[in-house]
Every structure is written in structure tokens, then in C-alpha cells.
Amino acid sequence: MAIASPSTPSFSTSICCTRTDSTPARSIRFPPIQTRLQSRQFTLSCRSSVPSSNESDGDLQYEIQHGVSTDHRRRGSLVFVTLPLDALNFPVGTMKRKKAMVQSFRALAAAGVEGVVMEVWWGLVESELPRVYNWEGYLDIVVLAKRCGLKVRAEMAFHQCGTGPDDPFWIPLPQWVREEIDKDPDLAYSDRFGRRNMEYISIGCDVLPVLHGRSPIQAYTEFMRSFRDTFIPFFGGVITGIQVGMGPAGELRYPSCPLQKAARTLRSRELGEFQCYDKYMLASLNACAGEMGMREWANGGPIGAGSLMQNPEGSEFFKSDGSWNSPYGEFFLAWYSGMLLLHGERICREAESIFRGLEVNLSGKVAGIHWHYRTESHPSELTAGYYNTSIRDGLLPIARLFGRYGFSMCCTCFEMQDAETQQMNPDSSPESFVKQLSLAARLCDIPLQGENCASSLDDGSFEQVLRMSRFYWNGPGTPTFSFNFVRMDKNLFEYRNWVSFTRFVRQMSDAKFFRPNLGFGDGDMPFLSLSASSTGGVVLA
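What counts and how
Residues numbered from 1 in each chain as written. Predicted model: local features only at pLDDT ≥ 70, side-chain atom pairs only at ≥ 80, totals over all residues. Heavy atoms only, no water. Buried < 20%, exposed > 50% of the residue type's maximum accessible area, 1.4 Å probe, protein only. Helix = DSSP H or I, 4+ residues; strand = E, 2+ residues; numbered from the N terminus. Pairing = 2+ DSSP bridges. Expected span 1.5 Å × (residues − 1). Axes fitted to C-alpha atoms, helices over the stretch in contact; angles between N-to-C directions. Parallel < 35°, antiparallel > 145°, perpendicular 65-115°, else oblique. Left-handed = near helix turned anticlockwise from the far one by under 90°. Contact = heavy atoms within 4.5 Å. Nonpolar A, V, L, I, M, F, W, Y, C, P; charged D, E, K, R; others polar. Phe/Tyr/Trp six-rings, centres within 6.5 Å; stacked < 30°, edge-to-face > 60°. Lys NZ or Arg CZ within 6 Å of the ring centre and 35° of its normal. pLDDT = per-residue confidence, 0-100. Salt bridge = Lys/Arg side-chain N within 4 Å of Asp/Glu carboxyl O. UniProt positions renumbered as here; feature names shortened; annotations may be inferred. Polar contact = N/O pair within 3.5 Å; in protein donor to acceptor, adjacent residues only side chain to side chain. Disulfide = S-S within 2.5 Å.

Account for the pairing of strand β16 (residues 481-485), with residues named and values stated.
Burial analysis of β16 places 5 of its 5 residues in the buried class, the great majority of the element. Of the two faces of β16, the one holding Phe 481, Phe 483 and Phe 485 and the one holding Ser 482 and Asn 484 are both buried throughout. Bridge count for strand β6 (residues 79-82) against β16 is 3 bridges, and the pairing is parallel. Bridging from a neighbouring strand, Phe 80 pairs with Asn 484 of β16. Bridge analysis of strand β15 (residues 448-451) against β16 gives 4 bridges, and the strand direction is parallel. The residue of β16 that forms the bridge with Gln 449 is Ser 482.

What follows is the structure, encoded as C-alpha cells:
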């Protein structure tokens, strides 16, 4: 049952509700663009650790029946499994298929899986009214995980799930948020064609009181605080990780490629669209251009950025010698990526404060956008907000941001291979993207979490995950690597798939399996990394 918070501005808690005070707004300014870059090389590999968890009679029977090693179970694992998107009933928020969930959790525990990833949807918990939280279904999942000896990583999901009401996995933003967007459509992102995107609230209004007197950052903050106060008995022993959503799909990025097209991105080679045309983003761009004394740069995104399946070389902005590498391009991309970094900074700061002192690891997620990695300008990364090109490292500033607040970094596409993706798109290189991200995590001394894009993996894909994992670990003292398998469904438990998966879990838990893997290897693309003094672009004032 959901309980509304009291109307007074004081802080109060109960099993289902929280009220928080406002947080002050922060301003941004952009210093002159710095273009001197410093070259770095790769030295990467991976790590494994062996935490343990409890066994039950049911687990032991399952191990005997399915041939899972009990010795392996005692060693533990670095593998987590993401729960089904429909783990809870929408919109009531109760657990679905409880008996099946119990059997699935016991099977995962018997296989040596460390825990489960539980997506905590804003649109489910605070669905109808602001400050009215319903945690019932998530409490049931955490209690079940504890009974089965599994850990829980909770993902604070402040984004939309699914493409629309006809989608079986549809979970929109809270109803009261959508009502505010109906009143002010500029709360949603917009591209140059005026197309609105409802996956996530525009970061241009991060600190403005546009949600019933609260800013989006304040709404996210109070949601996380209510989660902390409700689940505090489970921190450390059961809940060991919190991943804080920062954008569409929980990733720190702009929704440059709409959900409807995401599944076709590799085949279509979509450049993406800059999401800077709502009035709040345009106001920020106008202010920054004015500060630079360049009012002509204040009218919107780049002209000549191409569209849809256009070859980057056919666009004035993204071609090899295009305006992305001009003073205007540097200004715009620094502002665009800087706004994203500032959004991440605000959320990391609030989350670190809320969960400070608890035995829980915080993390943020980066999108595995790789389909133009082998071009000079990396257009699909630029439109997503990553100022990452052949001459500029745009992932290292994100890793530094996470490192400042003690966050781990999570990224998808660890199972993807260049040889396969380049058959459809020669410009793609998921392996190089993952290696660059892994290096950024290593340089900033932060833990790394890998994920898969495909919902089911074969032996070759599991082997690829293990191979890419080795690029991160560099022996004792290296921050931990872990893997989130996305996601649990009935196909996972089919005999052949289950054999492959349990073999993968054993390999991930065996430190002897990993060996140092130095350098990029043949065919990998080198890239430039920014020095510590040249990551500028965003200054908190």
C-alpha cells in the first residue's frame, strides 16, 4: 500500500514514504576550448574475486540434480543476473509469478551466481502522486534474495521502459510527471525536427521547479532517499550495489537514437540527432554562446549534421574534415557534452550523500555506442553526448567524474565482436569502444561492470565476455570487475543454455582463468586521451 508523505516541509520517513527539502541550483560556465591532447597506450586485463554465499537444502538438491559443483558454489562468483522487465505487475507493483521466481533464484544461487540486478522503476514506485512511494513488490524481491543467499544490485530507473502502451514491457514515467510534460512539452527532449522524446526528462531543466514545485534532481534525490530509508535493514548483507540512472536506458547519455530504432541501429548506421532544441537546452546554449561573444552560435545544433542512414562523409559536420573539428564544432560539442557531465555530477553528488556510510557500492552506466567508432568524428557518440573522436578521449572525463564520487562504471556490449558487427557495418568496433572504456576505468582506478546487449548468449559470446574482461584486470590491487547478465528468462534455464551459462559463471569465479593481456592487439585502433589538465569544459560555480 502506498502512503502519502505529510505536507509539511520537514523530513520524515516510514516504510513507504519520504519528504525532502529542496537542494540549491548550481550554475555552469565554459572556459575556452582546450585542444592539446596527450597520447596514451593500452595496458589492460581483468580480475576475479571469490565471495561466498549460503547454501540451503534446496540448493544442494539442485546441484546434485544438475551436476553443479558445490565447491564452486562456496567460492562465489562475480556474475549478477538482471531480473525480467516484467518482474512486477504494472501498475500495481506486486511481484509476478512468485513460485517461478523462487525456483529461479534457487537455481541461480546453486549455479554460483553472486546476485540479481533489480531495476527499480520510478514509474512504478511513485506512479500516481508525487512523494507517494509503493515499495511492496521490491521488498518481496529483496526478502526472497536474502532467503536464497543472493545479493542484490538495485538500479534506480528514472527513465521510460518500452516503446508505448502496446509494448508488453511498457513502464512510462510517473503519471503526474507525464501530466506536467503535457502542460509544458519542453520538459521532454526535442531534436531539430521538433520530435519529442519521452524516455527521460530533459537535463536542461535539471534544477528548475517544474515538477509540482520540485526540480527533477530533487525528485530523483527524494526517491533515492525513500529507497534508502525503506531498505536500510538490507544494506551490506543483501543490497550491495546501487546503480543510479542518469538518462535513457539508465545510461548517462542523450536519447539521440529513439527506442523504436535502437534495435535497428547496427543495420541502419544511424548518426543520431542532437537533442538540444527544447527551450531549456536552448537557453543554456544561448547563455554560453553569449559568454563566448558568439551569438551566431546560439540558435541550435550544427547545420549539415546529416540524418538517418547518411554516410558521415556525406555530411558537412561529420565528414573527416568537417566542422566538428572547427572552433564552432569544438564549442558546441564541449557545451553539449558538458551539460551531460554536469547532469551526471549533480546526480552522483546527491547519491553519494544519500548512501554515504552504508555498505553499498555506487555505479553509473555508459552506453556502448560503437557503430561509428572507426570514423574520424564518431558521429553517433557525439549525438549521444560523448565528445569522443579520433583525436579526443570523451570517455575519460566520465570515468574521472565517477571516480570523484566513488562510483563504479558499467557498460554494455562486452559480448560483441568486431568480426560480426563489421559484416553489417564496417565502421563499427564494439571491441575498441570497450577497450577504451576499460582503460579509462583503469586510469581512474574505479571498478568496472560489464553487460551484454543480446538477451541470450552462446559459448562464443561468453568467451568474448571473458576475453574483454581480461583487458581490465592487472593483478592484485586492481579494482574489481563484475558482469551483469541481461537478462533472466525461461530461455536461460533451457538445458543447453544453462550448461553454457553455468560454465561461464565457473570461469568468471576462477582467478586462475585470467591471464594478463597487454596491448590492443592487431587491428585495434589507437586513440588519444586527454591529460588531467585538458578535460575542461564544465566548471561548477
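There is more to say, and it comes next.
Describe helix α17 (residues 495-509), listing the residues and the values that go with them.
Over its 15 residues, α17 runs 21 Å from end to end, which matches the ideal 21 Å to within 8%, given 1.5 Å per residue. Of all the positions in α17, only Trp 498, Ser 500, Phe 501, Thr 502, Phe 504, Val 505, Met 508 and Ser 509 are classed as buried.

Please set out the packing of helix α16 (residues 459-469) against α17 residue by residue, giving values where relevant.
Put simply, α16 and α17 touch, their axes get as near as 10 Å, and they point 15° apart. The angle between α16 and α17 falls in the class roughly parallel. Seen along the crossing, α16 lies across α17 with a hand that is right-handed. Mapping the contact onto sequence places Asp 459, Phe 462, Val 465, Leu 466 and Ser 469 in α16 and Ser 500, Phe 501, Arg 503, Phe 504, Gln 507 and Met 508 in α17. The residue inventory of the contact of α16 with α17, partitioned by class, reads 6 nonpolar, 3 polar and 2 charged.

Tell me about the packing of aromatic side chains, and please be specific about residues and values.
Counted by the stated rule, this structure contains 39 aromatic pairs. Between Phe 227 and Phe 235 the ring centres are 6.1 Å apart and the planes differ by 80°, which places this aromatic pair in the edge-to-face class. Side by side, Phe 227 and Phe 235 carry an identical accessibility label, which is buried. Centre to centre, the rings of Phe 317 and Phe 318 are 5.1 Å apart; their planes meet at 80°, and the pair counts as edge-to-face. For the cation-ring pair, Arg 153 lies above Phe 80, with the distance from its terminal atom to the ring centre recorded as 3.9 Å. One cation-aromatic arrangement involves Arg 392 over Tyr 387; the distance from NZ or CZ to the ring centre is 4.0 Å.

Pulling in residues and values, what's your account of the confidence of the model for the protein?
In the predicted model, the protein carries a mean pLDDT of 82, and 77% of its residues have values of at least 70. Here residues 1-77 is modelled with pLDDT under 50, and outside its nearest four sequence neighbours on either side it reaches 216 contacts, counting other chains as well. For the stretch residues 514-541, pLDDT sits under 50, and the model shows 90 contacts to residues farther than four places along the chain or on other chains.

Could you give me a rundown of the environment of Ser 104, with the residues and numbers involved?
The residue Ser 104 is located in helix α3 (residues 98-110) in this model. Taking the C-alpha atoms as reference points, Ser 104 and Leu 492, separated by 388 residues in sequence, lie 9.9 Å from one another. What Ser 104 contacts, discounting residues up to four positions off in sequence, is Met 488 and Phe 493.

Which residues make up the pattern of salt bridges, and what values go with them?
Across all of its chains, the model carries 20 salt bridges by this definition. Between Asp 184 and Lys 279 there is a salt bridge, with its nearest N and O atoms 3.8 Å apart. With Asp 184 in the loop between α6 (175-183) and β10 (188-190) and Lys 279 in helix α10 (residues 279-291), this pair connects stretches of sequence that are 95 residues apart. Across the pair Glu 251 and Arg 253 runs a salt bridge, and its minimum N-O distance is 2.6 Å. Where salt bridges share partners, they join Glu 126, Arg 131, Arg 214 and Glu 222 into one cluster.

Can you tell me about the side chain of Gln 243, naming the residues and giving the values?
If you trace the backbone, Gln 243 turns up in strand β12 (residues 239-244). Residue classification places Gln 243 among the buried residues on the basis of a relative accessible area of 6%. Leave out the neighbours within four places in its chain, and Gln 243 touches Ala 154, Glu 155, Met 156, Ser 363, Gly 364, Lys 365, Cys 410 and Gln 449.

Account for the sheet that holds β6, with residues named and values stated.
With parallel pairing, the 8 strands of this closed barrel are ordered in space as β6-β7-β9-β12-β13-β14-β15-β16. Across the sheet, the mean angle separating the axes of adjacent strands is 30° when strand polarity is ignored. Here 5 bridges tie strand β9 (residues 151-157) to β12, and the two strands are oriented parallel to one another. Within the sheet, the bridge partner assigned to Met 156 lies in β12 and is Val 244. Relative to strand β14 (residues 407-411), helix α13 (residues 396-404) is tilted by about 145°, and along the sheet it contacts β13 (361-366) and β14.

Describe in detail the UniProt feature "active site" (unreviewed entry) in the protein, supporting the description with residues and values.
Summarizing the sequence annotation, UniProt attributes the feature "active site" (unreviewed entry) to Glu 251 and Glu 451 in the numbering used throughout. Separation in sequence by 201 residues is not matched in space for these annotated residues, since their most distant C-alpha atoms are only 12.3 Å apart. Every residue in contact with Glu 251, bar those within four places of it in the chain, is listed here: Met 246, Lys 365, Val 366, Ala 367 and Thr 412. Tracing the backbone through its elements, the reader meets Glu 451 in strand β15. According to the relative accessible area criterion, Glu 451 is buried, its value standing at 3%.

Describe the side chain of Arg 253, naming the residues involved and giving the relevant values.
Counting through the fold element by element, Arg 253 comes out in the loop between β12 and α8 (259-262). Classification of Arg 253 by relative accessible area gives buried; the value is 12%. Engagement of the side chain of Arg 253 in a polar contact is seen with the side chain of Glu 251, the distance being 2.6 Å. Ignoring sequence-local partners within four residues, the contact set of Arg 253 consists of Gly 247, Pro 248, Leu 340, Ala 367, Ile 369, Ala 384 and Tyr 386.

Outline the state of the cysteines, listing residues and values.
Under the counting rule described, the total for this entry stands at 0 disulfides. Free cysteine Cys 453: the closest other cysteine sulfur is in Cys 413, separated by 5.1 Å. The partly exposed category is assigned to Cys 453, whose relative accessible area is 44%.

Talk me through helix α5 (residues 136-147); I want residue IDs and the actual numbers.
Along its 12 residues, α5 runs 17 Å from first to last C-alpha, staying within 8% of the 16 Å computed at 1.5 Å per residue. Along α5, the residues classified as buried are Gly 137, Tyr 138, Leu 139, Ile 141, Val 142, Leu 144 and Ala 145. Looking at the buried positions of α5, the neighbouring elements they touch are α3, β7 (115-121), α4 (122-125), β9, α7 (216-231) and β12. Following α5 by one or two positions, Gly 149 adopts a phi angle in the positive range, close to 75°.

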